[in-house]
Amino acid sequence: MKKYIFWFLTIFLMSSSMIFAQSTLTGKVTDDLNNPITNALVTVKGNSNSVKTSTDGSFKITSKENNGILVISYLGFESKEITFFETQDLGNISLTTSTSEIEEIVVKSTTIDVAKNRKTPVAVSTIKASVIQEKLGNQEFPEMLNNTPSVYATKSGGGFGDSRINVRGFDQRNIAVLINGVPVNDMENSAVFWSNWAGLSDVTSALQVQRGLGSSKLAISSVGGTINVITKTSNQKEGGVFSSSLGNDDYFKNLFAYNTGKLKNGLSASFLMSKTTGDGYVDGTKFEGGNYFFGLGYELNNKHDFQFTFTGAPQWHNQRSTAPTIAQYIKYGVPTEMTPNIRYNSDWGYLNGEQYSFRTNFYPKPVASFNWDYKMNDRMKLSTVIYGSWGRGGGSNGTGAIRGNRFFADNLRKPDGTINVDFIQDWNSGQAASNGTFAPAPRTLTAGEYQNTNATANNGSNGISKISSINSHNWYGGIVNLNTKLTDKITLDFGVDARAYRGIHYQVLNDLLGASSFNNLAGDVNNPNTVSTFEYAALPNGNPFWNTDYQKAINYNNDGLVKWFGAFTQLEYSTEKLTVFIQAAGSQQGFKRVDYYKYLSSDPLSSTSYKNILGGNVKGGANYNIDSKNNVYVNAGYYSKQPFFNAIYINNASVVNENLTNEKIMGLEAGYGFKSSIFSANVNVYRTSWKDRFIRLTSNINHDLNNATPTIPGSAFLEGVEQIHMGAELDFVFKPFKKLDINGMFSYGDWRYGSNVTASYQDDNNVVITNPTTNEAYKETLYIDGLKVGDAAQTTAALGFTYEVLTRVKLDANYRYVDRLYAAIDPVNFKNQAANDLGSLELPSFGLLDLGFSYKMLVGKNKENSLNFRFNMNNVLNTIYIAESRTNQFVATEAEFNGNTGNGAGLNPSTGTKPYTSYQDYLNRGTYDGIDARNQVFFGFGRTSNFTVTYRF
């Protein structure tokens, strides 16, 4: 009996132990940018027990087993499995879609303003490294954003890195571009040259676009939006990658990267290098680009973390800077079928059998940064970044003429449209030379030499040379931010932003093209000897600290100095339901001009004092999470923006513009978001007004303001320009089942000029054009009120999918539609209401289809290594489309054609050779897809493709 009782108790206790043995697991699920993920599914593998994360990403789940595997999954992210043992806190669990060597994004620094989902009240889109590195291929970096609402990016002229981007109708001079929180827009004109960042995609961990005034605490030029690029850090998971890519037009790229991971002593390092070469899709646009990245990290303890990075992308590439007319594209295509040669480039030719371009860009722009993150205590954190950038290089052009013909003149072209550079060299060197029917008399000697000049007059002593405009710089800066949690719900930020910049601007001689010397007729007043024989190659120098003082400058030589000091603060109140913030920033920018060429060194104008201008912004917003799926937000901001350098010192002179005023930007935005485990969407509306813009345009003007005097080159100065940009945006992601992702977007904008403007004029010698009657400065009204803002599509839409056909085998496709794309306008051409009534020229709409295929093959026993294959095809249907137009020329009416007036001027002249025999002939041969063929345009690329093999270990 006792034996039975013993076994009964033993079995009972064992069963009770098994029944009551359970584990309680807690943790927090976040995305790559440390944003909490709401409604992520947390499941114990092997049973049906599951929970969803709360609004702050936290979860608590009970397992009947003491150990097992926890599975976390959410729309748009790779599922993650975690082994657990008994009750434990799993801490922060980061989900990612990244398949690159950069597998995590560590955003520790409070100097990096990353918008957080369901927290930060701004319109935002984030593109992960995996998407960039899979789908970019041989496209340009900004083109990755084309599937984002209200974004329009084009390849522009088509040279390597010559792309441009508009956000909500504002060009990239008015979009803030930040790399790890550090501003990179040029400090003189706020421009961004993507060729200087051609290797950025290789080191990017995530790319975030904040449309509108954005969440950056700095006083930066985020009129249209902010592009925040987060690069890799040194303390990533140990591993490496080697990849090789092939593409159309001899595109070839190799890349190698390695991360040590964080070592036991707290040190970590990352290294990357790559090289890219190709002939370019556009004729005559060969290129070569390199990229290097070095990162060194040291985590001293849980309070101090240090990161040092040094990266650069030296490159040279031939360009298509001149936008040909549609008629030229057709002339050098198939004229009988009105088919344009969209690859045509008017800026190049052959010299001695080798490709020779008059337009070459060459530039290395290395950037170094040192970050220190100091966790002072549980409530205070100090983040500091110190950085420097050293740009060296510029872009080339042709100067001079042969018997009045510039290098781009038709008389100097071969039948295929290329420039006959051999002819130019022969004539420059004094030989008898001809090009078709153009056979100018041999050139004359000057002082016993064949001496090229920068003049364009019709005589025998000019000659043509290749020169470069150098735009180098030295740039140093630092940002310090103190982040304090006043309470569990209230956070205060305060910081400073200091920068010092010197832009170095001059021209040099690249190639005499057979001549023996160059006579710089512009004249250096400090060096009367104007004759030069020094030639400098249009190639980048490998030394980032290269001193160029030894180079002999021609035409001009000046420095632009900018000093910037700013301060910022932000107060944020945040709970699970409500986040409210108010932010203010101010800056003083000082502008100074030093001229070594135009003024004697003893002249006070040779070195001006600093012109200091104050500016700043104030922003605020709120996000309210209605429940775990729905949220709404609003934001508003006001920005007083200092003018650019060339608005302060106009016409390359050291005279301060008397009519300086800050530009005023007012932004309003509201949005709604929905997020579930299978569907997420965002809808928002916005309005941005931009007042008191100052625009300087090159223009042909009449010196005495009547048609009797031939036009002369000069500048038009537009005061009080106003733009109003309104619109609505939608983006969504739908995951109907595990292996299929569907994404889409739609945006509709109404971007117009808000008022007429007043224009005044100066000639190239800074002489103010006066009214001959009053002898006062002549001013006139330009009728641009209500005109559509050009150069960006005001309606865009996209729909795409990714489908996992088999395990680790994926197909993806995307279709993008562009409509209401208007040509860039020159306000000087709108001198009456009749011109305004015609409006802005609308270009034909178009749609583009892209396809992709990827396969990941696991390698090795532990399956951690992989061999990855990726194929991209862009513009699969080989659609011919106009991506942008530099001119606003309308098709002539029959009355204008017959009367040889208005838009018909020059089409049907009463004397001489008539271009067209009749109005119908003009419509047949002088227009293309409803657009006048005289317009200067850039066509987009046709079908392109690339294939990449990547080994990750």
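Owing to the predicted nature of the structure, the values given are computational and were not obtained by experimental measurement.

Colleague: Would you mind showing me how to read the overall build of the chain here?
Modeller: Looking only at helices and strands, the chain features 9 helices and 52 strands. Relative to a compact globule of 953 residues, whose C-alpha radius of gyration would be 30 Å, the chain shows 31 Å and is just as compact. Reported as C-alpha extents along the three principal axes, the dimensions of the chain are approximately 130 × 60 × 55 Å. The 953 residues of the chain split such that 54% are buried. Within the chain, counting contacts between residues at least 6 apart in sequence, those at least 24 apart form 69% of the total. Accessible surface computed for the chain: about 40000 Å², of which carbon and sulfur atoms make up 56%.

Colleague: So what exactly am I meant to see when it comes to the nonpolar core here?
Modeller: Side chains of a nonpolar character, in soluble globular proteins, are inclined to be buried together. Counting 50 residues, the largest nonpolar core has Y152, I326 and L718 as the members making the most contacts within it. In contact with I326, other than residues within four places in its own chain, are I882, Y928, I931, D932, A933, N935 and V937. Membership of the second largest hydrophobic core comes to 29 residues, among which are I127, I179, L200 and V209.

Colleague: What is the right way to read the packing of aromatic side chains from this model?
Modeller: Two aromatic rings are characterised by how far apart their centres lie and by the angle between their planes. Applying the stated rule across the entire model yields 37 aromatic pairs. Both rings, one in Y292 and one in F310, keep their centres 5.8 Å apart while their planes meet at 25°; by these two values the pair is stacked. Here F310 lies in strand β19 (residues 304-312) and Y292 lies in strand β18 (residues 287-299), a separation of 18 residues in the sequence. Y292 gets classed as partly exposed once you look at its relative accessible area, which sits at 27%. One aromatic cluster in this structure is built from Y329, Y332, Y344, Y928 and F939. Sitting over the ring of Y356, K466 keeps its end group 5.1 Å from the ring centre. Its guanidinium or amino end placed over the ring of Y748, R820 lies 4.1 Å from that ring's centre, counting from NZ or CZ.

Colleague: Explanation requested: the sheet that holds strand β3 (residues 50-52) in the structure shown.
Modeller: Strand pairs in the sheet, formed through backbone hydrogen bonds, run parallel or antiparallel to each other. Taken together, the 4 strands give an open sheet; going across it, the order is β3-β2-β5-β6, and neighbouring strands pair in antiparallel fashion. For this open sheet the edge positions go to β3 and β6 (80-85), each flanked by a neighbour on one side alone. Taken pair by pair, the neighbouring strands of this sheet meet at an average axis angle of 20°, ignoring direction. The pairing of strand β2 (residues 41-44) with strand β5 (residues 67-73) spans 4 bridges and is classified as antiparallel. Paired with V44 across the strands is L70, a residue of β5.

Colleague: Could you clarify how one ought to interpret the pairing of strand β47 (residues 865-874) in this entry?
Modeller: In summary, the side chains of a regular strand alternate between the two faces of the sheet. Residue alternation in β47 divides its side chains into a buried set, S866, N868, R870, N872 and N874, and an unburied set, N865, L867, F869, F871 and M873. Two strands pair when backbone bridges link them, and strand β46 (residues 846-859) and β47 are joined in this way by 9 bridges, in the antiparallel orientation. Directly across from L858, in β47, lies its bridge partner S866. In this sheet, strand β52 (residues 944-952) lies alongside β47 in antiparallel orientation, the contact comprising 9 bridges. Looking at β52, one finds that S866 is bridged to R952.

Colleague: Is there a simple way to think about the sheet that holds strand β13 (residues 204-211) in this case?
Modeller: Strand order in the open sheet formed by 5 strands is β8-β13-β14-β11-β12, with mixed pairing between adjacent strands. Each of the sheet's edge strands pairs with one partner strand only, and the pair in question is β8 (123-128) and β12 (182-183).

Colleague: I'm lost on unusual backbone geometry in this one. Help?
Modeller: Glycine aside, negative phi is the norm for most residues, and most peptide bonds take the trans geometry. In the Ramachandran plot, S190 falls in the positive-phi region, its phi being about 65° despite a non-glycine side chain. Of note, S190 is situated in the loop between β12 and α3 (200-203). According to the relative accessible area criterion, S190 is buried, its value standing at 5%. Phi angles above zero are rare outside glycine, and R403 is one such case at about 50°. Residue placement: R403 occurs in the loop between β26 (394-401) and β27 (419-420). The exposure class assigned to R403 is partly exposed, which follows from its relative accessible area of 25%.

Colleague: What should I look at first to understand the pattern of salt bridges in this one?
Modeller: Opposite charge on two side chains makes pairing possible when the charged atoms of those side chains draw close. Going through the model one piece at a time under the given rule, you end up with 28 salt bridges. Note that D488 and R379 form a salt bridge whose closest N and O atoms lie 3.0 Å from each other. Of this pair, D488 sits in the loop between β29 (463-485) and β30 (490-511) while R379 sits in the loop between β24 (367-375) and β25 (380-391), and the two are 109 residues apart along the sequence. Given the relative accessible area of 37%, R379 is considered partly exposed.

Colleague: Any chance you could explain the environment of F746 here in plain terms?
Modeller: Summarising the element assignment, F746 is placed in strand β40 (residues 740-753). According to the relative accessible area criterion, F746 is partly exposed, its value standing at 39%. Separated by 63 residues in sequence, F746 and V683 have C-alpha atoms that sit 9.6 Å apart. Discounting residues that sit within four places of it in the chain, F746 has contacts with P149, A728, E729, L730, T795, T796 and A797.

Colleague: Would you take a moment to explain the pairing of β26 for this structure?
Modeller: Of all 8 residues in β26, 6 are buried, a share of seventy percent or more. Bridge count for strand β23 (residues 360-363) against β26 is 2 bridges, and the pairing is antiparallel. Residue N361 lies in a different strand from β26, and its bridge partner there is G395. Taken together, the 8 bridges between β26 and β29 define a ladder with antiparallel strand orientation. Across the sheet, the residue bridging to S396 is S468, located in β29.

Colleague: Any chance you could explain the confidence of the model for the chain here in plain terms?
Modeller: Residues shown with low pLDDT carry predicted positions that ought not to be read at fine detail. Mean pLDDT over the chain stands at 88; residues scoring 70 or higher make up 92%. Across residues 97-107, confidence stays below pLDDT 50; counting only partners more than four residues off in sequence or on other chains, it has 50 contacts. This stretch, residues 706-710, has a pLDDT under 50; its non-local contacts, to residues over four places away or in other chains, come to 6 contacts.

Colleague: Help me understand the side chain of R118, please; the structure alone is not making it clear to me.
Modeller: Tracing the chain through its elements places R118 in the loop between β7 (88-94) and β8. Here R118 is buried and forms no salt bridge, its nearest opposite-charge partner D627 lying at an N-O distance of 5.6 Å. R118 has contacts with T38, T55, N623, N625, D627, S628, K629, N630 and N631, leaving out every residue within four places of it along the chain.

Colleague: Please explain helix α5 (residues 421-428) as it appears in this structure.
Modeller: An α-helical segment advances 3.6 residues per turn. Residues three or four places apart therefore align on the same side. Taken together, the buried positions of α5 are occupied by V421, F423, I424, W427 and N428. Buried residues along α5 cover an arc of 155° about the axis, so they all sit on one side. Tucked inside the fold, the buried residues of α5 contact β21 (348-351), β22 (354-357), β27, β28 (451-453) and β29. Looking at the residues trailing α5, positive phi occurs at G430, about 95°.

Colleague: So what exactly am I meant to see when it comes to the environment of V685 here?
Modeller: As for its position among the elements, V685 is in strand β38 (residues 679-702). Judged by relative accessible area, V685 falls into the partly exposed class, the value being 45%. Expressed as a C-alpha distance, the spacing of V685 and S747, which sit 62 residues apart in the sequence, is 9.7 Å. Not counting residues within four places of it along the chain, the set of residues in contact with V685 comprises L668, E669, A670, G727 and A728.

Colleague: Help me understand the environment of N138, please; the structure alone is not making it clear to me.
Modeller: Its place among the elements puts N138 in the loop between α2 (129-135) and β9 (151-154). Residue classification places N138 among the buried positions, given a relative accessible area of 17%. Remark: the alpha-carbon pair of N138 and N946, spanning 808 residues in sequence, is separated by 6.6 Å. Excluding its chain neighbours within four sequence positions, the residues that come into contact with N138 are K155, G247, N248, Y251, N874, T944, S945 and N946. Within the structure, the side chain of N138 is placed 3.3 Å from the side chain of N946, a separation counted as a polar contact.

Rules of the game
- Residues numbered from 1 in each chain as written.
- Predicted model: local features only at pLDDT ≥ 70, side-chain atom pairs only at ≥ 80, totals over all residues.
- Heavy atoms only, no water.
- Helix = DSSP H or I, 4+ residues; strand = E, 2+ residues; numbered from the N terminus.
- Rg over C-alpha atoms; globule rule 2.2 N^0.38 Å.
- Buried < 20%, exposed > 50% of the residue type's maximum accessible area, 1.4 Å probe, protein only.
- Contact = heavy atoms within 4.5 Å.
- Areas by Shrake-Rupley, 256 points an atom, 1.4 Å probe, with all protein chains shown as cover.
- Core = buried A, V, L, I, M, F, W, Y, C linked by side-chain atoms within 4.5 Å.
- Phe/Tyr/Trp six-rings, centres within 6.5 Å; stacked < 30°, edge-to-face > 60°.
- Lys NZ or Arg CZ within 6 Å of the ring centre and 35° of its normal.
- Pairing = 2+ DSSP bridges.
- Axes fitted to C-alpha atoms, helices over the stretch in contact; angles between N-to-C directions.
- Salt bridge = Lys/Arg side-chain N within 4 Å of Asp/Glu carboxyl O.
- pLDDT = per-residue confidence, 0-100.
- Lys, Arg positive; Asp, Glu negative; His and termini not counted.
- Arc of directions from axis to C-beta.
- Polar contact = N/O pair within 3.5 Å; in protein donor to acceptor, adjacent residues only side chain to side chain.

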